[in-house]
Amino acid sequence: MSHNRFGQLFSVTTFGESHGPAIGCVIDGCPPGLEISAEEIRLELERRATGKSRHTSQRREKDDVQILSGMFEGRTTGTPIALVIENTDARSRDYENIKRQLRPGHADYTYWKKYGFRDYRGGGRSSARETTMRVAAGALARKWLKQEFGIGIQGWLAQLGPHRADRNMDWDSIDDNPFFCPDPEMVPVLEEYMDALRKSGDSTGARVNVIARNVPAGLGAPVYGKLDADLAAAMMSINAAKGVEIGAGFDSVWQMGTEHRDEMTAEGFIGNHAGGILGGISSGQDVIVSTAFKPTSSLRIPCRGLDIDGNEVEIVTKGRHDPCVGIRATPIVEAMMAIVLMDHVLRHRGQIGKIYK
Ligand code: EPS
């Protein structure tokens, strides 16, 4: 299986399966001298972890990250940084009954068509467990971006199923609830909705937004290295992602030019429909990305499907699944934003050198 690497100058190669002995990554291109500890990475991982509330998968992984290389006396050396996390709470027997079955809406079918062989336990490589390593790598990128440019990255749950969750933004409350919801008044509504959903055995989708502040102007390139194209690819590479919008996104379809254009004054831009990116290059405004996540496909409600021999079968998925993967997606979109921005800072330096802070 090829294509396990993301990024060009700051690159992350992930490996491992949800039910294998361990997952890990190799980060290449991190500049030397960045001070970071396993504990700082672990704190980021904790925000993404399963089993933190009744609304997510109850698998309990410690996500105890080990740094195997690329660090000396607490600082990066500029050499490849290998991180590894053991899987300690996999329950593979849950997957026995779907060993030969292909869950509708899941990567099972396309995996089978492509490779003709699959690790059916937990979806193998297609499991959301892989996103752990993106968050681990993202922790380094976030810290570096903050130190070098004061870039701050914040994600939030914008919608869960039918419920808009960000009409009233209280930025400080995002990490105070299990949904990464910025509106404290919506939290009980989401809890009630999720409790009913879990009882019903069904799942739902979500929209997760992320903003990066203090991004310098000039990152990205006008044709094949567009910052927005790389951000879209980054977000679409997250499990269950089905759509990405930059700034006004699909609202641009109905907007008039007079409304969409962000007029400029000596004091700065008026509005940010562009989402901080014009012609593939950052404008110096906040970079804003929105990602749609589909409803989880592993459901205990029976459905019609096929087995690997093409026979029609009834499929029921047991196990500890997230009724809404979007709930845990906020730290992942933040990590992908950080990885893309750091990669683009290094790429910009490679060609142009100077960055205007
Ligand atoms: C997942 C199914 C569940 C989740 C898992 C993602 O695990 P299992 O493979 O044991 O059924 O718990 O998420 C994680 C373990 C994690 O760390 O995010 C899936 O089907 O994607």
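About the criteria used
- Residues numbered from 1 in each chain as written.
- Predicted model: local features only at pLDDT ≥ 70, side-chain atom pairs only at ≥ 80, totals over all residues.
- Heavy atoms only, no water.
- Core = buried A, V, L, I, M, F, W, Y, C linked by side-chain atoms within 4.5 Å.
- Buried < 20%, exposed > 50% of the residue type's maximum accessible area, 1.4 Å probe, protein only.
- Helix = DSSP H or I, 4+ residues; strand = E, 2+ residues; numbered from the N terminus.
- Contact = heavy atoms within 4.5 Å.
- Near = heavy atom within 4 Å.
- Polar contact = N/O pair within 3.5 Å; in protein donor to acceptor, adjacent residues only side chain to side chain.
- Areas by Shrake-Rupley, 256 points an atom, 1.4 Å probe, with all protein chains shown as cover.
- Nonpolar A, V, L, I, M, F, W, Y, C, P; charged D, E, K, R; others polar.
- Arc of directions from axis to C-beta.
- Axes fitted to C-alpha atoms, helices over the stretch in contact; angles between N-to-C directions.
- Parallel < 35°, antiparallel > 145°, perpendicular 65-115°, else oblique.
- Left-handed = near helix turned anticlockwise from the far one by under 90°.
- pLDDT = per-residue confidence, 0-100.
- Expected span 1.5 Å × (residues − 1).

K.L.:
I'm lost on the nonpolar core in this one. Help?
P.N.:
Side chains of a nonpolar character, in soluble globular proteins, are inclined to be buried together. Judged by nonpolar contacts, the single largest core of 72 residues is most densely connected at M337 and L341. For this core, the leading source of residues is helix α7 (residues 330–351), giving 12 residues. Once residues lying within four places of it in the same chain are set aside, the contact partners of M337 are I153, V210, I211, A212, L231, M235, V287 and V289. One finds A158, I174, F180 and I211 within the second-largest nonpolar core, a separate group that totals five residues.

K.L.:
Hey, could you run me through the site of the ligand in this one?
P.N.:
In the vicinity of the ligand there are 14 residues, among which R48, S57, R59, Y95 and R129 approach most closely. Within the contact set of the ligand, an oxygen atom lies 2.6 Å away from a side-chain nitrogen or oxygen of S57. Computed on the free molecule, the ligand has an accessible area of 460 Å², of which 95% lies beneath the protein chains in the complex. Along the lines of polarity and charge, the residues of the shell around the ligand split into two nonpolar, seven polar and five charged.

K.L.:
Would you mind going over helix α1 (residues 38–48) with me for this structure?
P.N.:
Count 3.6 residues to each turn of an α-helix, and residues three or four apart come out pointing the same way. Along α1, the residues that are buried comprise I41, E44, L45, R47 and R48. All buried residues of α1 fall inside an arc of 150 degrees around its axis, so they share one side. Looking at the buried positions of α1, the neighbouring elements they touch are β4 (65–67), β7 (81–86), α3 (131–149) and α7.

K.L.:
What's the story with the packing of α3 against α7 in this structure? I'm lost.
P.N.:
To describe two helices that pack against each other, one gives the angle between their axes and the distance between the axes. Two elements in contact, α3 and α7, have axes whose closest approach is 7 Å; the angle formed by their N-to-C orientations is 50 degrees. In terms of their interaxial angle, α3 and α7 are classed as oblique. Classified by chirality, the crossing of α7 by α3 is left-handed. Contacts between α3 and α7 involve T131, R134, V135, A137, G138, A141, R142, W144, L145, E148 and F149 from the first element and P331, I332, E334, A335, M336, A338, I339, L341, M342, V345, L346 and R349 from the second. A breakdown of the residues in the contact of α3 with α7 according to their chemical character gives 16 nonpolar, two polar and five charged.

K.L.:
Can you walk me through the confidence of the model for the protein in this structure?
P.N.:
Reading predicted coordinates in detail is not appropriate for stretches of low pLDDT. Residue-level pLDDT values for the protein average 97, and 100% of them are 70 or greater. When pLDDT is averaged over each element of the protein, strand β17 (residues 287–293) comes out on top at 99 and helix α2 (residues 108–115) at the bottom at 95.

K.L.:
Is there a simple way to think about helix α4 (residues 187–200) in this case?
P.N.:
Spanning 14 residues, α4 covers 20 Å between terminal C-alpha atoms, matching the ideal 20 Å at 1.5 Å per step. Those residues of α4 that sit buried are V187, L190, M194, D195 and L197. Summarising the axial view, the buried residues of α4 lie within an arc of 165 degrees, below the 170-degree limit, and thus occupy one face. Counted as exposed and oriented over 90 degrees from the buried face of α4: E192 and K199.

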